[in-house]
Amino acid sequence: MRRDFIQTTPRAPADAATAPQIFVCIKGEKTEMKSLKLISAMLSCVMAAGVLAGCSGSTSSAAPSDAADTTAATAAPTATPAPAEEQTAEQSTGMSVSALPDHYNDSSVTGTDWDAWTAQWESVATDFTKVSLIPGADQTQLNFAWYSKVADGEATPVVHFGTDKDNLQEFTGESGDVDTELTGGEAYQYNHVTVTGLTENTTYYYTVEKSGVETEPVEYTTGSFSELNLLYVGDPQIGASSGKPQGGEELANDSGAANTAARNDGYGWNRTLEIAAEQNPDLNFVISAGDQVNKTGQPKEEEYAAYLNPEILASLPVATTIGNHDSLNADYGYHFYTPNQTGNGLTEAGGDYYYSYGPALFIVLNTNNYNAAEHQKTIEEAVAAYPDATWRIVTIHQDIYGSGLDHSDTDGMILRTQLTPIFDANDIDVVLQGHDHTYSRSKLLYSDGETHGTYEFQLDETGTDYDWDNAYNTQTGEKIPLYPEESDTEGTALQQAFQEDNNCYVLEDVQGNSVTDPQGILYMTANSASGSKFYELLATQQDYIAVRSQNWLPSYSVLHITDNTFSIDTYQITDDGQVEPIDETFTITKTA
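This structure is a prediction, so every number in the text was calculated from the model and none was measured.

A. The pairing of strand β17 (residues 353-357), seen in detail. Burial analysis of β17 places five of its five residues in the buried class, the great majority of the element. A two-sided burial pattern is seen for β17, the buried positions comprising Y353, Y355 and Y357 on one face and Y354 and S356 on the other. With five bridges connecting them, β17 and strand β18 (residues 360-364) associate as antiparallel partners. Its bridge partner lying in β18, Y357 is registered against A360. A loop of two residues connects β17 with β18, the two strands running antiparallel in sequence, and G358 in this loop sits at a positive phi of about 60 degrees.

Structure, rendered in structure tokens:
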């Protein structure tokens, strides 16, 4: 979502060095007079109090949104994080102070081979034929997708796969035309193939055919099927650093190689993957909670090219999720051949799917479609297909229980009243989320069992993006302004009723970071893995949040799953490439 920032500096006190600088986020697509009146009122309060909790006095260092979340954790982008227990206290102010516009991972600073990357960027940005791997229907299958140029000949959707690279087995799939409006008028075809018969802890080799020409062999090794190690990431959003400063210029999200934002973010995405894989060499696959790319409803093949370019992705599958920036084009479905497609939750990009891997059932919902009944059908179909899975894990993009300023108390929770009881009824254990470009871990919670309203988002009048300023009650048809004007008493009442209706949960009374046989569900929200864009935390931490963090650094989580345990650890990557934990290990144990 776009946010407009206004910087206002109040009259300097006697010691000008201590003068607070105020960075106020104006929510929504338009900066209106109501917002300016709000700023004026807040400034009056600030001048009277002489303080502004949660704001930085400098534009060059990170500004904590959560005064107690902590000073140590947010004092500077490379600061060592404070212990988790220090990151949980609330900030008393209700003022929303958003991220400064230059908070992002500047790859020209953090990169160790930036010049080499920029030299090859044009060839990367124009190569739309990179192969993507995604988990298959179960651990014995692997799905492939790639483009081939029509000018080079008819598509040949064939993967050669096996343990002997001189004697590979042939697997044939399907192909189809790519919409040329998404590829600058050049004709491509997509290729989708499923490979079967994989066994654990085995090294394989594969090649793919691009218009009949076989690629060089790539090595792919499976891990354990009973003890899983997974990488969980949020919002790579290649291209989202558009407008940020770099080298005296602003990063641009133009087409092709001129998309310098994609150049920056593609490097950052690769850096995170390489560091995470070096720290965790036995990864089975990656779970991405959505927004792989940035240009909503527009052609963006150079962003997908940068996303798929990391060498490690040639041997590490990614179970992707449809984010709002992925949702409104068919290109997502061309690039990612998801298994067990249900036909539910459809947008232009695709819909819900699921897969089984070892002791876990993974269900991926396209929550850009607000039809909760269809998502319920997907969950029930997946559970019926794999009823004996120890763990049931859902991935969604929108964080129905998050703590970021931009989404968690507005569009992020649109489906909260509907999905919470559905998840409960189907014994979901963990929900993995993205969207808010902040980190949070919830307390264990479950539905309050009461009757609540149902809500949705709709497209804006252009049909190319979502109407970010309004929610809609699907029962009454009422339009609910998420950011009503001060004079709009009716809109304010609707917005307050919407907020109150979303208090639809009960917190489970458990203590500590290790729980056994809980009733409630754990909701995780991942920060940006590439560092392309960060948001502020809400000024006041919600009661359902156990730990949250915003240190303006790329981050990732590692899931370790066995027959009776699920654990998660989360790390951030400093500007000099050091890996630091930002939360304690959280573990769920099942005894039956």
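From this point, the discussion proceeds with the structure in view.
B. Fine view of unusual backbone geometry. At S211, a residue that is not glycine, the phi angle is positive and equals roughly 55 degrees. Residue position: S211 is located in the loop between β9 (203-210) and β10 (213-214). Look at S211 and you get buried, because its relative accessible area is 13%. At W552, a residue that is not glycine, the phi angle is positive and equals roughly 60 degrees. With respect to the helices and strands, W552 occurs in the loop between β29 (545-549) and β30 (555-561). Owing to a relative accessible area of 4%, W552 belongs among the buried residues under this scheme.

C. Representation of the packing of aromatic side chains in the model. In the structure shown here, the tally under the stated rule is 33 aromatic pairs. Between the aromatic rings of W391 and F566, the centroid separation amounts to 6.0 Å while the plane-to-plane angle is 45 degrees, which identifies the pairing as tilted. Taken as a pair, W391 in strand β19 (residues 391-395) and F566 in strand β31 (residues 565-573) lie far apart in primary sequence, 175 residues in all. You can call W391 buried: its relative accessible area is 0%. In textbook terms, an aromatic cluster arises when at least three aromatic residues are bridged by ring pairs, as seen for F225, F285, Y353, Y355, Y357 and F362. Across from the ring centre of W391, 4.7 Å away, lies the NZ or CZ of K590, which sits over that ring.

D. Inspection of the pattern of salt bridges at higher detail. Counted under the stated rule, the structure contains five salt bridges. When the shortest N-O distance is used, the salt bridge between K295 and E302 registers 2.8 Å. For K295, a relative accessible area of 4% puts it in the buried group. Across the pair D331 and K300 runs a salt bridge whose closest N-O atoms are separated by 3.6 Å. Placement of D331 in helix α7 (residues 331-335) and of K300 in the loop between β15 (285-288) and α6 (301-308) is noted, with a sequence separation of 31 residues between them. Comparing D331 with K300 shows no difference in burial state: the two are buried.

E. Region of interest: helix α4 (residues 114-125). Along its 12 residues, α4 runs 15 Å from first to last C-alpha, staying within 8% of the 16 Å computed at 1.5 Å per residue. Within α4, burial applies to W114, W117, W121, V124 and A125. In an axial view of α4, the angular spread of the buried residues amounts to 85 degrees, which keeps them on one side of the axis. Looking at α4, the residues exposed on the side facing more than 90 degrees away from the buried face are D115, A119 and E122. In the core, the buried residues of α4 are packed alongside α3 (107-110), β13 (245-246), α5 (260-279) and α6.

Rules used throughout
- Residues numbered from 1 in each chain as written.
- Predicted model: local features only at pLDDT ≥ 70, side-chain atom pairs only at ≥ 80, totals over all residues.
- Heavy atoms only, no water.
- Buried < 20%, exposed > 50% of the residue type's maximum accessible area, 1.4 Å probe, protein only.
- Helix = DSSP H or I, 4+ residues; strand = E, 2+ residues; numbered from the N terminus.
- Pairing = 2+ DSSP bridges.
- Phe/Tyr/Trp six-rings, centres within 6.5 Å; stacked < 30°, edge-to-face > 60°.
- Lys NZ or Arg CZ within 6 Å of the ring centre and 35° of its normal.
- Salt bridge = Lys/Arg side-chain N within 4 Å of Asp/Glu carboxyl O.
- Expected span 1.5 Å × (residues − 1).
- Arc of directions from axis to C-beta.
- Contact = heavy atoms within 4.5 Å.

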